[in-house]
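# Examining the three-dimensional arrangement
Spelled out from the first residue to the last, the chains are:
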Amino acid sequence: MTLRNAVENLDLINKNIEFSRLQNNAHHIVKVVGISKYHTTNEVMTLYKAGQRAFGENKVQDLKQKMDELNEFPIEWHFVGNLQKNKINALIDCDPFLVHSLDGYEFASELDKRLKIKNKTMNCLLQINSANEDTKSGIDAENAIKIYKKITNDFSNINLKGVMSIGAHTDDTKTIKESFEKTKQIFDKLQVFGAKICSMGMSSDYNLAIACGSNMIRVGNILFKDEEVI
Ligand SMILES: *Cc1c(COP(=O)(O)O)cnc(C)c1O
């Protein structure tokens, strides 16, 4: 990927965001997290030069490696992958800016315990399985509010900042839209409990996600694309 590719990709995404966010309202601001899981440190560097500052990984060892290789740059690192108990300490040591994928009370309990031992805190989003798909992690929509409140009350070293969801895995726009709307409704009810971030939308559906109220998108493919944009 050349610097020119990177600038063009960012320009196109920003142009699309500008259109979609106005369908929500004129004050709606959207943050872009570049998901670099299938891309090299060099490619992250190229996007950094083009102005992108937030990146996310889905494996703790990849996060650690890219963070180490790029540690002289003020990059904001996110973690979006499935959480595993045997990787908790390594994840805490990475000290990511935000973990998008906290997906259960029991895991939160374990995470909080380890955070307390290390005297650290972690910003997290509660992952909601709004499309109700067996293949996805996340909390059922019906239990999301209850569990969000419980984690907030019970675990002082976890700072819940909002919710994350992956759009329904289908080509049917209506079904995807419904899954985003469901997450947004939950997010709205959680704002009184301090929820600020609604992380939804990937390369194939970020415009729809933003129109439905997402204020953080996680894009990989379209950001790291290395063909000329027509
Ligand atoms: C890979 C990944 C993305 C980015 O997906 P693209 O289709 O490449 O935009 C976003 N969120 C999560 C949780 C991912 O694992």
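Here, the structure is the one placed above.
The residue count restarts for each chain, going from 1 along the sequence in the order it is written. This being a predicted model, a pLDDT of at least 70 is required before a residue's local features are given, and a value of 80 or more before pairs of side-chain atoms are given or counted; all residues contribute to the totals for chains, interfaces and linings. Only hydrogens and water are removed before side-chain values are computed, so all heavy atoms of the structure are retained for them.

### Notes on the packing of helix 1 (residues 3-24) against helix 2 (residues 41-49)
Rules: In this analysis, axes come from line fits to C-alpha atoms, helices being fitted only over the stretch in contact, and the angle between any two N-to-C directions falls in the range 0 to 180 degrees. Strands here mean DSSP runs of E at least two residues long; helices mean DSSP runs of H or I at least four residues long; both are numbered from the N terminus. Any angle between 65 and 115 degrees counts as roughly perpendicular, while under 35 counts as roughly parallel, over 145 as roughly antiparallel, and the rest as oblique. Crossing handedness: left-handed means the near helix sits turned counterclockwise from the far one by under a right angle, and right-handed means the same turn made clockwise. By definition, residues are in contact when any of their heavy atoms lie within 4.5 Å.
Interaxial distance between helix 1 and helix 2 falls to 8 Å at its minimum, and their mutual angle equals 60°. The orientation of helix 1 relative to helix 2 falls into the category oblique. As helix 1 packs across helix 2, the resulting crossing turns out to be right-handed. Of the residues in helix 2, those in contact with Leu-3, Ala-6 and Leu-10 of helix 1 are Thr-46, Leu-47 and Lys-49.

### Here we look at the packing of aromatic side chains
For the record, the criterion: Ring pairs shown here join Phe, Tyr and Trp side chains whose ring centres sit within 6.5 Å, with only the six-membered ring taken for Trp; geometry is labelled stacked below 30 degrees between planes, edge-to-face above 60, and tilted in between.
Within the structure shown, the criterion is met by 3 aromatic pairs. Taken together, a centroid distance of 5.1 Å and an interplanar angle of 55° make the contact between Tyr-48 and Phe-73 tilted. With Tyr-48 in helix 2 and Phe-73 in the loop between helix 3 (60-69) and strand 3 (76-79), this residue pair connects regions lying 25 residues apart in the sequence. Between Tyr-105 and Phe-155, the aromatic rings sit 5.0 Å apart at their centres with planes inclined by 40°, giving tilted as the arrangement. Of the two residues, Tyr-105 is situated in helix 5 (residues 105-117) and Phe-155 in the loop between helix 6 (141-154) and strand 7 (158-165); the sequence distance between them amounts to 50 residues.

### So, the site of the ligand
Rules: Near residues are defined by distance, with any heavy atom within 4 Å of the molecule or strand qualifying the residue. Any N or O atom pair separated by 3.5 Å or less is treated as a polar contact, with the protein-specific requirement of one donor-capable and one acceptor-capable atom, and with residues adjacent in sequence counted only for side-chain atom pairs. Working definition of accessibility: Shrake-Rupley area with a 1.4 Å probe, residue cover restricted to the visible protein chains. For this classification, the nonpolar set comprises Ala, Val, Leu, Ile, Met, Phe, Trp, Tyr, Cys and Pro, the charged set comprises Asp, Glu, Lys and Arg, and every other residue, Gly included, is treated as polar.
Close to the ligand lie Ile-35, Lys-37, Val-80, Met-202, Ser-203, Arg-218, Val-219, Gly-220 and Asn-221. The contact in question runs from an oxygen atom of the ligand to an N or O atom on the side chain of Lys-37, over 2.6 Å. Between the ligand and Asn-221 there is a distance of 2.9 Å, counted from an oxygen atom to a backbone nitrogen or oxygen. Relative to its unbound accessible area of 390 Å², the ligand is 87% covered by the protein chains. Its residues assigned to classes, the shell around the ligand comprises 4 nonpolar, 3 polar and 2 charged.

Distances and angles like these do not, on their own, reveal function.
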